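Results of the structural survey
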Amino acid sequence: MVTVDDDAAVSPAVDTQDWHRWLMEETERFESEKRQFESELSRLKRENAHLKGELARLRAPPQVIGTVRDMLADGRISIKSSSGPDFVVHTSENIDREALLAGDRVALHRQTLAVLEVLPSVKDSLVMGAEVLEKPSETYKDIGGLRKELDELRSTVELPLLKPELFDAVGVEPPKGILLIGAPGTGKTLLAKAVANATDASFIRLIGSELVQKYIGEGARLVRELFQLAHEKSPSIIFIDELDAVGAKRMDVGTTGDREVQRTLMQLLGELDGFTPRGDIAIMAASNRPDILDEALLRPGRFDRVIRVPLPDSEARLKILKIHSHSMSLTRNLSLKKLVRKTEGMSGADLRALCVEAGMNAIQKERDKVRAVDFQRALKKMRNRLTEADQKEPEQALYS
Ligand SMILES: Nc1ncnc2c1ncn2[C@@H]1O[C@H](COP(=O)(O)OP(=O)(O)OP(=O)(O)O)[C@@H](O)[C@H]1O
Ligand SMILES: [Mg+2]
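Residues numbered from 1 in each chain as written. Chains lettered and ligands numbered in written order. Predicted model: local features only at pLDDT ≥ 70, side-chain atom pairs only at ≥ 80, totals over all residues.

**A closer look at the overall build of the protein chain**
The condition that has to hold: Only DSSP runs of H or I reaching four residues or more are called helices, and only runs of E reaching two or more are called strands; each is numbered from the N terminus. Residue pairs are scored as contacts if the distance between their C-beta atoms, which are placed from the backbone, is within 7 Å.
Broken down by element type, the protein chain carries 15 helices and eleven strands. At a minimum sequence separation of 6, the contacts of the protein chain that also span at least 24 residues come to 73%.

Structure below.
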């Protein structure tokens, strides 16, 4: 609004030049104000658009997450929704159906469950599950006994990784997968970790039971990504612990859980088949239930080398006791040799537990040296526990 001083406007004393200058200044001021308002207006318009977008996003119905199961011949796909059941659905036009893979995570329309979007794969969940260790701390020195088994493992895992040219020169393919079998606590996991320590390979450990329990519906995808990860981080050792959890014999029981295990197993078999052993990657697995493993896993080209890990004999038991009592302070005249005779049938893990238990007994008595009596009490406690376990699980007694 122009407000002109009435007196000044009518006063004949006012020079027309002054009047003119004043008008120019006012015009400039208004124009600058106008520019300011215009920029304010465009800022508010942008903010309005942003808020409208935000409102639309907040009002959008939630999408359901699902996992791709299968591509059907008619172009539809079968998916497993995160709420449980499987569905056959269509895909939105902007989804490249050719690029979809079984195991992909997808966002689904809430009502029609049509696939709207392919979600990025979550590799970190795999890494969490797979426990990627750059280098385990266990070494060969931590293993009591098992020399023959260790030598075999070294020549089949270490050599192809460290000296692949040797295999080229001789012209043989190293075995593809190595399966360690033996009773619980005999040192299978320990062996695998020690071998990984001796090579500079990354060690990727995947625990079978976690694969099927923690990542329901995602086992197959995880197996696929695990092998991808092994390639990225090569040289690497893939170690599938508790293989029996994914590799149990396939039966006709149709529960969702079983189907899930089967799909994971199929993916694992597929990865093993499409895999060349000299590609800087070694595959190891361990199981304490070889009796229930699917034979398909043991076929040539898969886990074609089986190493049996036995319970320790007396010589090995003495070594294991020495390893685990190494940092304990024992009374000087305590004879581990005599102790060994009383540990018949115990596994490496039992012997370690025995040492810990004996140490605890000494601490309880507020002594700073562990005495024979502490081991005796520990032995008694462990024997009770072992016989209890035998009664609960009679099949345990069948292990060699
Ligand atoms: N031969 C061994 N020498 C030294 N320690 C051993 C030996 N065997 C087992 N142990 C001890 O027992 C612990 C458990 O062993 P490990 O996890 O390797 O057994 P496992 O065969 O993998 O058993 P599971 O079948 O239950 O998985 C090891 O961390 C180690 O402390
Ligand atoms: Mg183990």
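Still more to cover.
**Side note on the sheet that holds strand β2 (residues 77-81)**
Our working rule: Pairs of strands are assigned from DSSP output, requiring at least two bridges between the strands. To get an axis, fit a line to the C-alpha atoms, keeping to the stretch in contact for a helix; angles then go from 0 to 180 degrees between the N-to-C directions.
Across the sheet, which stays open at both edges, the five strands sit in the order β3-β2-β1-β4-β5 with antiparallel pairing between neighbours. Among the strands making up the open sheet, the edge pair consists of β3 (86-89) and β5 (115-118). Averaged over all neighbouring strand pairs, the angle between strand axes comes to 45°, with direction disregarded. As judged from the four bridges shared by strand β1 (residues 64-71) and strand β4 (residues 105-108), these two strands associate in the antiparallel manner.

**Looking at helix α2 (residues 16-59)**
What counts is decided by this rule: By definition here, a helix of n residues has an expected span of 1.5 Å times n minus one. Here the C-beta atoms are placed from the backbone, and a residue counts as buried if at least 20 other C-beta atoms lie within 10 Å of its own, exposed if 12 or fewer do, and partly exposed otherwise.
With 44 residues, α2 ought to run about 64 Å at 1.5 Å a step, and its terminal C-alpha atoms sit 63 Å apart, in line with that. Within α2, only zero of the 44 residues are buried, which leaves the element largely exposed.

**Overview of unusual backbone geometry**
The residue leucine 113 is not glycine, and still its phi comes out positive at about 60°. In this fold, leucine 113 is placed in the loop between β4 and β5. Judged by local crowding, leucine 113 falls into the partly exposed class, with 18 C-beta atoms found within 10 Å. The backbone of leucine 146 sits at a positive phi, close to 55°, despite the residue not being glycine. Mapped onto the secondary structure, leucine 146 falls in the loop between β6 (132-133) and α4 (147-162).

**Re the packing of α4 against helix α6 (residues 188-198)**
Basically, it comes down to this: Small angles under 35 degrees read as roughly parallel and large ones over 145 as roughly antiparallel, with 65 to 115 read as roughly perpendicular and the rest as oblique. Crossing handedness is read from the near helix: turned anticlockwise from the far helix by less than a right angle, it gives a left-handed crossing, and turned clockwise, a right-handed one. Each residue is assigned to one class: nonpolar for Ala, Val, Leu, Ile, Met, Phe, Trp, Tyr, Cys and Pro, charged for Asp, Glu, Lys and Arg, and polar for all the others, Gly among them.
Relative to each other, α4 and α6 sit at 50°, their axes nearing to 11 Å. Relative to α6, the element α4 is oriented oblique. Regarding α4 and α6, the two cross each other, and that crossing is right-handed. Facing Glu149, Leu150, Leu153, Arg154, Val157 and Glu158 of α4, the residues of α6 in contact are Leu191, Val195 and Ala198. Here the residues of the contact of α4 with α6 sort into six nonpolar, no polar and three charged.

**Notes on the site of ligand 1**
The line we're drawing: In this analysis, residues qualify as near a molecule or strand once their C-beta atom, positioned from backbone atoms, comes within 6 Å of it. The domain boundaries here were taken from an automatic or database domain assignment.
In the neighbourhood of ligand 1, 21 residues make up the surrounding shell, with Pro184, Gly187, Lys188, Thr189 and Gly348 lying closest. Looking at the shell around ligand 1, its residues break down into nine nonpolar, nine polar and three charged. Mapped onto the domain boundaries, the shell around ligand 1 takes at least three residues apiece from domain 3 (124-308) and domain 4 (314-398).

**A look at the packing of helix α12 (residues 314-325) against helix α14 (residues 348-364)**
Two elements in contact, α12 and α14, have axes whose closest approach is 9 Å; the angle formed by their N-to-C orientations is 40°. With respect to α14, the element α12 is oriented oblique. You can see that α12 and α14 cross each other, and the crossing is right-handed. Between α12 and α14, the contacting residues are Arg317, Ile320, Leu321, His324 and Ser325 on the first element and Gly348, Leu351, Arg352 and Cys355 on the second. In terms of residue class, the contact of α12 with α14 is built from four nonpolar, three polar and two charged.

**Things to note about the nonpolar core**
The condition that has to hold: In plain words, the nonpolar core is the set of buried Ala, Val, Leu, Ile, Met, Phe, Trp, Tyr and Cys residues that C-beta atoms within 7 Å link up.
Leu180, Leu191, Ile204, Leu226, Ile237, Ile238 and Met284 are the most contacted members of the largest nonpolar core, which has 67 residues in total. The biggest single contributor to this core is helix α8 (residues 219-232), with seven residues. Split by domain, the residues of this core number at least three in each of domain 3 (124-308) and domain 4 (314-398). Ignoring sequence-local partners within four residues, the contact set of isoleucine 238 consists of Ile204, Leu226, Ala230, Ile281 and Ile283. Listed in part, the seven residues of the second largest apolar core include Ile77, Val89, Val106 and Leu108.

The analysis is restricted to geometry; functional conclusions fall outside its scope.
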